[in-house]
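# Analysis of the macromolecular model
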Amino acid sequence: MRISCLTVVCLLAVSGWAQPTSRQWNSEVTAGWNLGNQLECAAPGQDGESTTISNPANAMDAETAWGNPKVTNAMIAAVKDAGFNAVRIPIRWQCHITDAATMAIDAAWLNRVKEVVGYCLNNGMKVIINTHHDKWLESRPTYYYQTDNNTKLSLLWTHIAEAFSDYDYDVAFAGTNEVHVPNVYNAPTPENLSVQNTYNQTFVNTVRATGGKNLKRHLIVQTYDCDPDFGMYNGDFIVPTDIEGNGNDYLSVEVHYYKPWEYCGSTAYYYWGTAYSGYGNIPTSNEQTMINAFQRMEDIWDSQGLGIIIGEWGVTDHWDKTTSMNSIRKNITYYCKTLVSEARSRGFATFVWDNNAFGNGMEKFGIFDRHNNMSLRASWTLEGIQQGVQTGISDITVDRNTTEKIARPFIKNGKILIRKDDKTYNLLGQPIEVGQ
């Protein structure tokens, strides 16, 4: 199936939908952005790989510990103005726990998280909050730690879910992040896979038990290491059982897609895709590889009624002195367009990774400069996303109740807009007056 349910009408009415299904929620994310290297940082002076659960005196300084300025509403507004309508907020909790026995969260930290979530909601954006770099959990997918970790995970998510229980359904929860044995990225063992599956089930059970809006809140569970290849084969990923009456309607599967890593994350290749084979060496993983992977996700998970989220993806900025920087960046635009287009045409939500890191080499995923009024530093990435959104929604119906009307996307002043009949709307479904 290559037609999403994203529509102008559904965008206009999203706040009126009491309980959007996960697939509706995802289809309404036209372009998602990660607030990377911010709320998931360790406290200053702490080892980021430590499994210690604590609340040091300087814990509130964690937000800026990795070199980024404090998050402001203006930052989020700039992301919205660039055409994004959803934000994924990675959050580390383990250095903000006042009582390890009960996993009680420091009130000041919880209030700060709520403040940043509020920036997003006040700007009309959807939000994902998760547990991210909680190393006591992520680094220990073994039977030895399974019982204790599930107990801690349940206690932690009870606190989080209760704190956000009255929030609008635009807020979604993601249970874990990239759970894996440290420095081991090859195929996981059956033990690793089994433990990850228990984490997912514990997360769903815990959030649902808090009641209220959390009974049907959009919950996001992860494959092992958020790698799609560790979830689509041999029964590696087991869909958690939701409460009676929910089925799979309010669950999504999250994967991350930095594939191939040799192109997206490191500097082994400067070009990707058969369309650029004449420019230099390209990896064997190409457009068809991506299409096949996305199609398999759709065939396996969408067919079960599950939503699908690419929670992180991106291409690091990298070049060499003998190769044209412009042609390399055009290739990055092409990769971004291809990924977003292929994902959106299937109704997947995508969240590009932005860690505010710029330059040449590995892990340079910055898009907006948070130190300089959110100035656009990676226009080639944003351009590819805009093109991908435009392509991915070009044949999407306007009304959930009819299949006859067509939304016509176009770009004006660098922003993607949608035209229905004689009216124009932005990606959030808000009408645009003539001359805006």
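Residues numbered from 1 in each chain as written. Predicted model: local features only at pLDDT ≥ 70, side-chain atom pairs only at ≥ 80, totals over all residues. Heavy atoms only, no water.

### Some words on helix H6 (residues 143-163)
- Along its 21 residues, H6 runs 30 Å from first to last C-alpha, staying within 8% of the 30 Å computed at 1.5 Å per residue.
- All of the buried residues in H6 are Gln146, Asn149, Asn150, Lys152, Leu153, Leu156, Trp157, Ile160, Ala161 and Ala163. (Helix = DSSP H or I, 4+ residues; strand = E, 2+ residues; numbered from the N terminus. Expected span 1.5 Å × (residues − 1). Buried < 20%, exposed > 50% of the residue type's maximum accessible area, 1.4 Å probe, protein only.)

### Observations concerning the sheet that holds strand E8 (residues 251-257)
- Taken together, eight strands build a closed barrel; the order of strands is E1-E2-E5-E6-E7-E8-E9-E10 and the barrel is parallel. Averaged over all neighbouring strand pairs, the angle between strand axes comes to 25°, with direction disregarded.
- Examined bridge by bridge, E8 and strand E9 (residues 307-313) share six bridges and lie parallel to one another. Paired with serine 252 across the two strands is glycine 307, which belongs to E9. (Pairing = 2+ DSSP bridges. Axes fitted to C-alpha atoms, helices over the stretch in contact; angles between N-to-C directions.)

### Some points on the packing of H6 against helix H7 (residues 190-209)
- At their nearest, the axes of H6 and H7 sit 9 Å apart, and the two run at 25° to each other. One way to sum up the angle between H6 and H7 is to call them roughly parallel. Considering the relative orientation of H6 and H7, their crossing is right-handed. Only Pro190, Glu191, Ser194, Val195, Thr198, Tyr199, Thr202, Phe203, Thr206 and Val207 of H7 make contact with H6, whose side of the interface consists of Tyr143, Tyr144, Gln146, Asn149, Asn150, Leu153, Ser154, Trp157, Thr158 and Ala161. (Parallel < 35°, antiparallel > 145°, perpendicular 65-115°, else oblique. Left-handed = near helix turned anticlockwise from the far one by under 90°. Contact = heavy atoms within 4.5 Å.)

### Focus: the packing of helix H9 (residues 287-300) against helix H10 (residues 325-344)
- Running from N to C, H9 and H10 point in directions that differ by 25°, and their axes come no closer than 10 Å. With respect to H10, the element H9 is oriented roughly parallel. The element H9 and its partner H10 pack so that their crossing is right-handed. Contacts from Glu287, Met290, Ile291 and Phe294 in H9 reach Tyr334, Tyr335, Thr338, Leu339, Glu342 and Ala343 in H10.

### Observations regarding the packing of aromatic side chains
- Enumeration over the complete set of coordinates arrives at 20 aromatic pairs.
- Considering the side-chain rings of phenylalanine 164 and tyrosine 167, the 4.7 Å spacing of their centres and the 55° angle between planes classify their relative orientation as tilted. By the burial criterion, phenylalanine 164 is buried, and tyrosine 167 matches it.
- Arranged with centres 5.2 Å apart and planes meeting at 70°, the rings of tyrosine 257 and phenylalanine 294 form a pair that is edge-to-face. You can see tyrosine 257 sitting in strand E8 and its partner phenylalanine 294 sitting in helix H9, a full 37 residues away along the chain. Like phenylalanine 294, tyrosine 257 is buried.
- Taken together, Tyr263, Tyr271, Trp272, Tyr276, Tyr279, Tyr334 and Tyr335 form an aromatic cluster joined through their ring pairs.
- Sitting over the ring of tryptophan 319, arginine 329 keeps its end group 5.2 Å from the ring centre.
- Between arginine 329 and the ring centre of tryptophan 380, over which it is positioned, the NZ or CZ distance is 3.8 Å. (Phe/Tyr/Trp six-rings, centres within 6.5 Å; stacked < 30°, edge-to-face > 60°. Lys NZ or Arg CZ within 6 Å of the ring centre and 35° of its normal.)

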